[in-house]
Amino acid sequence: NAGVTQTPKFRVLKTGQSMTLLCAQDMNHEYMYWYRQDPGMGLRLIHYSVGEGTTAKGEVPDGYNVSRLKKQNFLLGLESAAPSQTSVYFCASRISRGRDEQFFGPGTRLTVL
Amino acid sequence: SQQGEEDPQALSIQEGENATMNCSYKTSINNLQWYRQNSGRGLVHLILIRSNEREKHSGRLRVTLDTSKKSSSLLITASRAADTASYFCATDDGGLDTGRRALTFGSGTRLQVQP
């Protein structure tokens, strides 16, 4: 099993450009999450999904949109990138019942100029 | 805002010594988890302790939880250079406070183990 994978690993955008980050998991997990991590800080929840076709806002959702069309994929979109969105983005997944631990992807480092 | 706050922010010890990190949180929890992050990598789950548990062990890790003080500690015994990483506590309120089954992370403790 590959676990949780993220594409791309690195990206540089100009202000106003758009992009989509892809997260994929092969563990048949129901719950998926997008976090951002800024220097010296912990992770902050952007959006999450408790199942295929459902999404919900986290702590810092402004400027981001998400979609969960397939159970194994969770997409994070930036419609008009801003320098404040420069960060490292992590995707995570979790089984809905039973164990509560989250499994994390390796991260995407995004720089917005 | 961050739910968990780790203390200290940074810790430097010699190999073989024990490392203790503390976490304080603000609201009721269902469980508290500790994660490790190596530089430039994703987070890896270390250990979970539920609100009705007071202590838990896993290998060289020992976690305690005091719900009356809303605090937890992570002890790494006989540390190794390979333990060098950032350690985060994360609280799960079971959806009772935030309405969502998601973790709230602290800002982390950077541990440096000198060989």
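Reading guide: rules and limits
- Residues numbered from 1 in each chain as written.
- Chains lettered and ligands numbered in written order.
- Predicted model: local features only at pLDDT ≥ 70, side-chain atom pairs only at ≥ 80, totals over all residues.
- Heavy atoms only, no water.
- Phe/Tyr/Trp six-rings, centres within 6.5 Å; stacked < 30°, edge-to-face > 60°.
- pLDDT = per-residue confidence, 0-100.
- Helix = DSSP H or I, 4+ residues; strand = E, 2+ residues; numbered from the N terminus.
- Salt bridge = Lys/Arg side-chain N within 4 Å of Asp/Glu carboxyl O.
- Buried < 20%, exposed > 50% of the residue type's maximum accessible area, 1.4 Å probe, protein only.
- Pairing = 2+ DSSP bridges.
- Axes fitted to C-alpha atoms, helices over the stretch in contact; angles between N-to-C directions.
- Contact = heavy atoms within 4.5 Å.
- Polar contact = N/O pair within 3.5 Å; in protein donor to acceptor, adjacent residues only side chain to side chain.
- Nonpolar A, V, L, I, M, F, W, Y, C, P; charged D, E, K, R; others polar.
- 1 Å grid on protein atoms, 1.4 Å probe; cavity = no way out; pocket = protein on both sides within 12 Å on 5 of 7 lines; lining within 4 Å.
- Points joined across faces, edges and corners; volume = space filled by probe spheres on them.

## What about the packing of aromatic side chains?
Inference 1: The full count for this structure, using the stated rule, is 9 aromatic pairs over all chains.
Inference 2: Through successive ring pairs, a cluster of aromatic residues spans Tyr31, Tyr33, Tyr35, Tyr48 and Phe104 of chain A together with Tyr35 and Phe105 of chain B.

## Structural notes on the confidence of the model for chain B
Interpretation of this model should avoid reading the predicted coordinates in detail wherever pLDDT is low.
Inference 1: Summary statistics for chain B give a mean pLDDT of 90 and a share of 91% for residues scoring 70 or more.
Inference 2: Per-element averaging of pLDDT across chain B places strand β1 (residues 5-7) of chain B at the bottom with 85 and strand β7 (residues 61-66) of chain B at the top with 98.

## Observations regarding the pattern of salt bridges
Inference 1: Within this structure, the stated rule accounts for 9 salt bridges over all chains.
Inference 2: Between arginine 36 of chain A and aspartate 38 of chain A there is a salt bridge, and its shortest N-O distance comes to 3.0 Å.
Inference 3: Overall, arginine 36 of chain A belongs to the buried group, its relative accessible area being 8%.
Inference 4: Residue classification places aspartate 38 of chain A among the buried positions, given a relative accessible area of 11%.
Inference 5: In this structure, the salt-bridge partner of arginine 94 of chain A is aspartate 92 of chain B, at a minimum N-O distance of 3.5 Å. Of this pair, arginine 94 of chain A sits in strand β9 (residues 87-94) while aspartate 92 of chain B sits in strand β9 (residues 85-92), on two different chains.
Inference 6: A residue is classified by how much of its surface remains accessible, and aspartate 92 of chain B, at 0% relative accessible area, is buried.
Inference 7: One network of salt bridges, with partners in common, ties together Arg36, Asp38 and Arg44 of chain A.

## Topic: the sheet that holds strand β3 (residues 19-24) of chain B
All names here are of chain B.
Inference 1: Taken together, the 5 strands give an open sheet; going across it, the order is β1-β3-β8-β7-β6, and neighbouring strands pair in antiparallel fashion. With partners counted over all chains shown, the strands left at the sheet margins are β1 and β6 (55-58), one partner each. For this sheet the average axis-to-axis angle between neighbouring strands, irrespective of direction, equals 20°.
Inference 2: In this sheet, strand β8 (residues 71-76) lies alongside β7 in antiparallel orientation, the contact comprising 6 bridges. The partner of aspartate 66 across the bridge, within β8, is serine 71.

## Some points on the interface of chain B and chain A
Inference 1: Taken together, the contact pairs 23 residues of chain B with 23 residues of chain A.
Inference 2: Remark: the boundary between chain B and chain A carries 2 salt bridges.
Inference 3: Counting across the chain B and chain A interface gives 5 residue pairs in polar contact (both at pLDDT 80 or more).
Inference 4: Within the residue set of the side of chain B that touches chain A, elements represented by two or more residues are β4 (31-37), β5 (43-50), β9 and β10 (103-105) of chain B.
Inference 5: Class assignment of the residues belonging to the side of chain B that touches chain A gives a composition of 7 nonpolar, 11 polar and 5 charged.

## Focus on the layout of surface pockets
Inference 1: Here the largest pocket is characterised by a volume of approximately 620 Å³.
Inference 2: Lining the largest pocket are 27 residues, and of these Gln37 and Arg109 of chain A together with Gln37, Ser39 and Gly40 of chain B sit closest to its centre.
Inference 3: For the lining of the largest pocket, the secondary-structure elements that each account for two or more residues are β9 and β11 (108-112) of chain A together with β9 and β11 (109-114) of chain B.
Inference 4: Per-element accounting of the lining of the largest pocket gives the leading share, 3 residues, to β9 of chain B.
Inference 5: Along the lines of polarity and charge, the residues of the lining of the largest pocket split into 8 nonpolar, 14 polar and 5 charged.
Inference 6: In this structure, the second largest pocket occupies an estimated 220 Å³ of space.
Inference 7: Contributing to the lining of the second largest pocket are Glu101, Gln102, Phe103, Phe104, Gly105 and Pro106 of chain A together with Asn38, Arg41, Gly42, Leu43, Val44 and His45 of chain B.
Inference 8: Of all the secondary-structure elements, those providing two or more residues to the lining of the second largest pocket are β10 (103-104) of chain A together with β5 of chain B.

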